[in-house]
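# Geometric and topological summary
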Amino acid sequence: MTYLLVAPNGLAALQIVPKTWQYKNHPVGYEVINPIEGMDNGSDNRGPILLLNGFGVGSFHQHRLMPMLARDTNSIVYGIDYLGQGRSWPKDCDDGMGENERGLIYSADTWLEQIINFIDNVIIPANQIDNASKKLKVHVVGNSVGGYLSVALGNHRPDLVETISLLNATPIWGLNLPGWDGKLPAPPLPKFVGRLLFDQIRDLNTIEKYLEVAYANADAFDEDLMAKIRACTEGKGGHAAFASIMWSPPVHFKNQVEGFSDALSHLRCDTLLLFGAEDKWCTPSIGKNMMKSLNCKGRNEYFTQRYIELSDVGHCPNHEAPKAVSDVLSKWISSTEPRRKKTLQLLPDEEHIMTEPWGDISLREVDDEDILSMNVVDTFLAQYISK
């Protein structure tokens, strides 16, 4: 199925095309939208864009943002489903007992390796211009755990990353529970716990309550989104995948980096934070703490970091404020000179208002004074969570 999205202002319709890629013999679902019809490469010199989702959804959660971002940047945009999420599942799943599930762990390291392989084997070959003077890099935009994975990608393979944009990134992932390493099949206790909790969280009433907490505007999500989230859970591999996720460890950072905050301070690329201010999980204090890590002396001399806060937006700005997000991201990505990003006008006013279908969104840039004014409790909690 091809999704036809009609652009506003009389612009040509853009198509989101679902595709499948084989990763270690596992079919992985991904989607692509190309703003330049009839061309294999729609990215020109800016580079392609890769959108990384939050947990429990597929690239369908990027459908509002993808056509706007492709149009506004004139770049090809990709979305991908992590293994064990969306349309990406091993063949013939059997509650963790299937031949293609054995030995598999649904961890951040697994997803990171999948993303690296996807960029190396799908995105770059499709977009690298012959005889180009430099290797193609990708603009990575990550929401929630997708932001966590974006930072891990920048740590492991900085040669692949042009810029990183973090949309309410979670600074933690992987409970690393005792008694099992997360590799399928699961032992009896994790299998029982995983099945029990998975059946609870995939209930439509639970999904609705989760979205009510995640979104600042209840009108920004609907029954169609709830049905798509539920559909991701209806195969024979979901219970085992959820148990594996619960018992899996955090991502393993390279180069003696210790934890998420340390990884931020060592990123070798320009980094933009776009945070919904009403997020009850990844709160503004967590975003400000991320900026403190990015603002370290070793980075400031060579790379730029900026922070835009969106009021009346929750945990998923890509879906709740796609127009506002695309407007800021397009300026950020289209500025090809790193030095310009320090003075680039991302907003026309100190407090800029944009209108989404469910209401007005107020955008403002968070400055150094804001970051330094965090109270002691918020600072302690943000630093503790982000270690």
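Scroll up to find the structure.
First things first, this report covers the structure right here in the doc. (Residues numbered from 1 in each chain as written. Predicted model: local features only at pLDDT ≥ 70, side-chain atom pairs only at ≥ 80, totals over all residues. Heavy atoms only, no water.)

### Section: the packing of aromatic side chains
Applying the stated rule across the entire model yields 17 aromatic pairs. Between phenylalanine 275 and tyrosine 307, the aromatic rings sit 5.8 Å apart at their centres with planes inclined by 70°, giving edge-to-face as the arrangement. Of this pair, phenylalanine 275 sits in strand E8 (residues 270-276) while tyrosine 307 is found in strand E9 (residues 305-311), placing the two residues 32 residues apart along the sequence. The pair formed by phenylalanine 275 and tyrosine 307 is uniform in burial state, with each residue classed as buried. Aromatic ring contacts, followed pair by pair, group Trp21, Tyr23, Tyr30, Tyr78 and Phe118 into a single cluster. (Phe/Tyr/Trp six-rings, centres within 6.5 Å; stacked < 30°, edge-to-face > 60°. Helix = DSSP H or I, 4+ residues; strand = E, 2+ residues; numbered from the N terminus. Buried < 20%, exposed > 50% of the residue type's maximum accessible area, 1.4 Å probe, protein only.)

### Regarding a negative patch on the surface
On the surface, Glu208, Glu212, Asp222 and Glu223 cluster together into a negatively charged patch. Within the fold, glutamate 208 resides in helix H5 (residues 204-214). (Patch = residues over 30% accessible without salt bridge, like charges linked within 9 Å, V, L, I, M, F, W, Y side chains within 5 Å. Areas by Shrake-Rupley, 256 points an atom, 1.4 Å probe, with all protein chains shown as cover. Salt bridge = Lys/Arg side-chain N within 4 Å of Asp/Glu carboxyl O. Lys, Arg positive; Asp, Glu negative; His and termini not counted. Charge placed at Lys NZ, Arg CZ, Asp CG, Glu CD.)

### Remarks on helix H1 (residues 65-73)
Regarding H1, the residues found buried are Leu65, Met66, Pro67, Leu69, Ala70 and Thr73. In the stretch just after H1, asparagine 74 is the one whose phi turns positive, near 55°.

### Quick word on the pairing of strand E4 (residues 49-52)
Burial of the side chains of E4 extends over both faces: Ile49 and Leu51 are buried on one face and Leu50 and Leu52 on the other. Inspection of the sheet shows E4 paired to strand E5 (residues 77-80) by 4 bridges, in the parallel sense. Bridge pairing links leucine 51 to glycine 79 in E5. As defined by bridge partners, E4 adjoins strand E6 (residues 138-143) across 4 bridges and the pair is classed as parallel. Residue pairing in the sheet places leucine 50 in a bridge with valine 140 of E6. (Pairing = 2+ DSSP bridges.)

### Points about the nonpolar core
Ranked by internal contacts, the top residues of the largest apolar core, which has 70 residues, are Leu50, Phe118, Ile119 and Leu153. Tallying contributions element by element places helix H2 (residues 108-127) first for this core, with 10 residues. Excluding residues within four positions of it along the chain, isoleucine 119 makes contact with Leu50, Ile124, Pro125, Val138, Leu153 and Leu160. If you look at the next biggest cluster of nonpolar residues, it comprises 30 residues, including Ile16, Ile49, Leu272 and Leu310. (Core = buried A, V, L, I, M, F, W, Y, C linked by side-chain atoms within 4.5 Å. Contact = heavy atoms within 4.5 Å.)

### Some words on the pattern of salt bridges
Within the structure shown, the criterion is met by 14 salt bridges. The salt bridge partner of arginine 306 is glutamate 365, with a shortest N-O separation of 2.5 Å. Of this pair, arginine 306 sits in strand E9 while glutamate 365 is found in strand E11 (residues 359-365), placing the two residues 59 residues apart along the sequence. Judged by its relative accessible area of 8%, arginine 306 falls in the buried class. When the shortest N-O distance is used, the salt bridge between aspartate 327 and lysine 331 registers 2.8 Å. With a gap of 4 residues between them, aspartate 327 and lysine 331 both fall in helix H12 (residues 322-334), about one helical turn apart. Given a relative accessible area of 27%, lysine 331 falls into the partly exposed group. When salt bridges that share partners are traced, they join Asp120, Lys135, Arg157 and Asp159 into one network.

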